[in-house]
Amino acid sequence: PRSRGLGDVYKRQRLHTKLPLQITHYSRKGCPMPPSAFGHESSGCWAFSQQALAAVLAEVRTGDLVLVHNYFRSHFGKGEDTRSMQLDQQGRHIRRETAKLGHYQAALASLAEALAAQQASLLIVADVPRFLSLQVDRNLCVKQWFRPWLPPSCQQPLQQSLASHREDTAPMARLLAGLEAAHPNVHVFDPAAVLCSDGVCRTHDSSGELFYRDRDHLSERGVGQLVEPFSTWLRTRGLLTPGKTPGDKT
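Just so you know, these numbers come straight off a predicted model, no measurement behind them.

Here is what the cut-offs are and how they apply
- Residues numbered from 1 in each chain as written.
- Predicted model: local features only at pLDDT ≥ 70, side-chain atom pairs only at ≥ 80, totals over all residues.
- Heavy atoms only, no water.
- Buried < 20%, exposed > 50% of the residue type's maximum accessible area, 1.4 Å probe, protein only.
- Helix = DSSP H or I, 4+ residues; strand = E, 2+ residues; numbered from the N terminus.
- Pairing = 2+ DSSP bridges.
- Axes fitted to C-alpha atoms, helices over the stretch in contact; angles between N-to-C directions.
- Parallel < 35°, antiparallel > 145°, perpendicular 65-115°, else oblique.
- Left-handed = near helix turned anticlockwise from the far one by under 90°.
- Contact = heavy atoms within 4.5 Å.
- Nonpolar A, V, L, I, M, F, W, Y, C, P; charged D, E, K, R; others polar.
- Phe/Tyr/Trp six-rings, centres within 6.5 Å; stacked < 30°, edge-to-face > 60°.
- Expected span 1.5 Å × (residues − 1).
- pLDDT = per-residue confidence, 0-100.

Enquirer: Help me understand the pairing of strand β6 (residues 186-189) in this model?
Expert: Working note: regular strand, side chains alternate between the two faces of the sheet. Going residue by residue along β6, you find V186 and V188 tucked away on one face and H187 and F189 tucked away on the opposite face as well. Sheet topology places strand β4 (residues 121-125) next to β6; four bridges connect them, and they run parallel. Paired with L122 across the bridge in β6 is V186.

Structure representation (structure tokens):
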């Protein structure tokens, strides 16, 4: 199968060497995909999202995988670090979490149905744990041949419980679980199950290297932790089996 989706460049490169996938990547900073029905505060973001969605639907073929990943809590949540940039039918900003989620749920369901008609699958990567108090310099906190040791400012590990992350992401998790139950061609991958496998989510590995490049984006090291589990997940779901209908879950 081919993969149509959104994702980190490093992750694409690592997966491309391991999986039988041709990958096409669409993304624009701060633009959630798929777009909701009535627009976005940024006309450029709205235009991009519409064009990217149209391109995916025009090119998708039987067996294709369309992967979506967003900073869900910022786009569709509430509280700290929340954006209210979606617009309603009257062109007003949508500010209530339940309304944001409702609009996005409709957009995802519409995409899932369109892909099902083409016998293609929708893969959704759920939220990674975030650390709002993490302060790192992404230009300094990555080991290089000329910087084999990281400065002390990069080595201030933070952690939170997996239960805390689950509570923080519960509304979106319920939305995704409901979507997965209602649409046989929808599959949700949970990175927190990998990153917090012992019940604790951490910003650093045991050697002191960062899993994050800022408070909510994984570093190459962090993304690397997901490559093998994600590959196994795809195979377990039967999504890499030639001739298998994507809607057939195992």
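That shown, we press on.
Enquirer: Could you clarify how one ought to interpret the packing of helix α4 (residues 97-117) against helix α6 (residues 170-182) in this entry?
Expert: When two helices pack together, you describe them by how their axes are tilted relative to each other and by the distance separating the axes. Contact pair α4 / α6: the axes reach a minimum separation of 11 Å and the direction vectors enclose 25°. In terms of their interaxial angle, α4 and α6 are classed as roughly parallel. Here α4 runs over α6; the crossing is right-handed. Along its contact with α4, which presents E97, L101, Y104, Q105, L108 and A109, the element α6 presents P171, M172, L175, L176 and L179. Its residues assigned to classes, the contact of α4 with α6 comprises nine nonpolar, one polar and one charged.

Enquirer: Which parts of the structure should I look at to understand the side chain of S219?
Expert: For S219, the position within the fold is in the loop between β7 (200-202) and α8 (220-236). With relative accessibility at 10%, the residue S219 sits in the buried group. Leave out the neighbours within four places in its chain, and S219 touches L210, F211, Y212 and R213.

Enquirer: Even after reading the chapter, I still don't get the packing of aromatic side chains, so can you show me in this structure?
Expert: What describes a pair of aromatic rings is the distance from one ring centre to the other and the angle between the planes of the rings. Under the defined criterion, the tally for this structure stands at eight aromatic pairs. On the numbers, 4.1 Å between centres and 20° between planes, the contact of F76 with Y104 is stacked. Placement of F76 in helix α3 (residues 72-76) and of Y104 in helix α4 is noted, with a sequence separation of 28 residues between them. On the basis of relative accessibility, which here comes to 1%, the residue F76 falls in the buried class. With a relative accessible area of 0%, Y104 lands in the buried category.

Enquirer: Whenever I open this one, unusual backbone geometry confuses me. Can you help?
Expert: Residues apart from glycine generally show negative phi values, whereas peptide bonds are mostly found in trans. Here the residue pair M33 and P34 is connected by a cis peptide bond, since its omega of -10° sits within 30 degrees of zero. When you line up the elements, P34 lands in the loop between β2 (23-25) and α2 (43-59). One non-glycine residue, Q119, lies in the positive phi region at around 55°. By secondary structure assignment, the location of Q119 is in the loop between α4 and β4.

Enquirer: Please clarify how α4 should be interpreted in this entry.
Expert: An α-helical turn contains 3.6 residues, so a residue and the one three or four places further along point in the same direction. The first and last C-alpha atoms of α4 sit 30 Å apart over 21 residues, in line with the 30 Å expected at 1.5 Å per residue. Buried residues belonging to α4 abut α2, β3 (65-68), α3, β4, α6 and β6.

Enquirer: Would you take a moment to explain the confidence of the model for the protein for this structure?
Expert: Low-confidence regions, as indicated by low pLDDT, have predicted coordinates that should not be scrutinised in detail. Model confidence for the protein is summarised by a mean pLDDT of 85, while 89% of its residues fall at 70 or above. Mean pLDDT per element in the protein: strand β1 (residues 3-5) is the minimum at 44, and β6 is the maximum at 98. For the stretch residues 1-12, pLDDT sits under 50, and the model shows 48 contacts to residues farther than four places along the chain or on other chains. Within the model, the stretch residues 243-247 combines pLDDT values under 50 with 15 contacts to residues more than four positions away or in other chains.

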